[in-house]
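Chain by chain, the residues:
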Amino acid sequence: MNILLAMIPAFFWGSTYAVTQYALPNWPPILLGALRALPAGLLLLAIKPMWPHGKQWRQLALLGTINIAIFFCLIFVMALTLPSAISGVGMMSVPVFAMLYHWLFRGRVPAAIQAICGALLILLAWLLFDPSEITLNPIGLLAMLAAIICIVIGSDITKSLGTSMHWWQVLTWQLILGGSLLSLVATIHGVFEPLPYLAAIGQFNAHNLAGLLWVVILNTAFGYGLYVWLLQRMTVVEFTFGGIANPIAGIVFGLLLMGEKFSPFQYSLMIGMIMMSLLPQIVMQRKHRKAAI
């Protein structure tokens, strides 16, 4: 049952790309990141007030900068420059980068199944992103790579903070501090390049409002809140199985909202990438269960 619940936040997160293109096109990514993070963080703080103290402020500020300020900007750059399906599926390569990161900086040698599936995932991604088969914005691809790196580093920091702080406090304040930083940067950016901001504000309509409510309330406040609640009841490995809903949402929302269509071969590559990201977790979990018996 928890696995099915874990699919809910992953599904909302995967919808970000298409919803942004559909409801909030041409909005500055910095502004979108601020509007996504800060209201959601304040809403979570109102639901369950928890305040940092001492050195926790500095630790949370670093996490909020990487995990929220930089990451959210990159996500919206992807949303505005890449097809929704490509963004959703491409982010499934996070386990490969996490494996390399822990191997290089933590000395954790990956298991054989992880190395094999990681190599196959890279091969499938190479074929999917082949310029001769599909034209993709290089800025969007660079943003995807940077976003994946942010996830890996941010997750490592989050895990270390989880031993000294409550999960809710970590979640709430990284959103508030990251969102505050984005608000400041958006204000400065708006002074030097006011036209995109004036256009977004001047042409604001119910269509934009619906998109913002989806991203702020469902995608962030509810999605991240459910994520924290579930992590108290299941392991991180178990939660990752729900991640399959993320690229599925990217594909479905891209088709329904933006009319994105790909060839059968490209869809098969997407499915292959999803399976290669999940297979090592399935195999490792089965081994752990057998060892426990």
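Residues numbered from 1 in each chain as written. Predicted model: local features only at pLDDT ≥ 70, side-chain atom pairs only at ≥ 80, totals over all residues. Heavy atoms only, no water.

- Labelled according to an unreviewed UniProt entry, the protein appears under the name EamA domain-containing protein, originating from Vibrio scophthalmi.
- Quoted verbatim from the Subcellular location (unreviewed entry) field of UniProt, the annotation for the protein is "Membrane".
- Note on the protein: under the UniProt heading Sequence similarities (unreviewed entry), the record states "Belongs to the EamA transporter family." (UniProt positions renumbered as here; feature names shortened; annotations may be inferred.)

**Concerning helix α7 (residues 112-128)**
Okay, so step 1: With 17 residues, α7 ought to run about 24 Å at 1.5 Å a step, and its terminal C-alpha atoms sit 24 Å apart, in line with that.
Okay, so step 2: All buried positions along α7 are accounted for by I113, C117, G118, L121, L124, A125 and L128. Take α7 and look down its axis: the buried residues cluster within an arc of 130°, on one side only. Exposed residues on α7 whose side chains face more than 90 degrees from its buried face are A112 and W126. (Helix = DSSP H or I, 4+ residues; strand = E, 2+ residues; numbered from the N terminus. Expected span 1.5 Å × (residues − 1). Buried < 20%, exposed > 50% of the residue type's maximum accessible area, 1.4 Å probe, protein only. Arc of directions from axis to C-beta.)

**Looking at a nonpolar patch on the surface**
Okay, so step 1: A surface patch of nonpolar side chains, amounting to about 640 Å² of accessible area, comprises I116, L120, L123, W126, L127 and F265.
Okay, so step 2: With 5 residues, α7 is the single largest residue contributor to the nonpolar patch.
Okay, so step 3: Residue placement: F265 occurs in helix α14 (residues 264-292).
Okay, so step 4: Here F265 falls in the partly exposed class, since its relative accessible area comes to 46%. (Patch = residues over 30% accessible without salt bridge, like charges linked within 9 Å, V, L, I, M, F, W, Y side chains within 5 Å. Areas by Shrake-Rupley, 256 points an atom, 1.4 Å probe, with all protein chains shown as cover. Salt bridge = Lys/Arg side-chain N within 4 Å of Asp/Glu carboxyl O.)

**What to know about the packing of helix α2 (residues 16-23) against helix α4 (residues 56-81)**
Okay, so step 1: Two numbers describe how α2 lies on α4: the axes approach to 8 Å, and their chain directions differ by 65°. You can see that α2 and α4 cross each other, and the crossing is right-handed. Together, T16, Y17, T20 and Q21 of α2 and I75, F76, M78, A79 and L80 of α4 make up the contact between the two elements.
Okay, so step 2: Each residue belonging to the contact of α2 with α4 can be placed in one class, and the counts come to 6 nonpolar, 3 polar and no charged. (Axes fitted to C-alpha atoms, helices over the stretch in contact; angles between N-to-C directions. Left-handed = near helix turned anticlockwise from the far one by under 90°. Contact = heavy atoms within 4.5 Å. Nonpolar A, V, L, I, M, F, W, Y, C, P; charged D, E, K, R; others polar.)

**Overview of helix α6 (residues 94-106)**
Okay, so step 1: Here α6 spans 17 Å end to end across 13 residues, near enough to the 18 Å set by a 1.5 Å rise per residue.
Okay, so step 2: Taken together, the buried positions of α6 are occupied by V94, V96, M99, Y101 and H102.
Okay, so step 3: Along its buried surface, α6 packs onto α7 and α8 (138-161).
Okay, so step 4: Positioned one or two residues after α6, G107 has a phi angle of 70°, which is positive.

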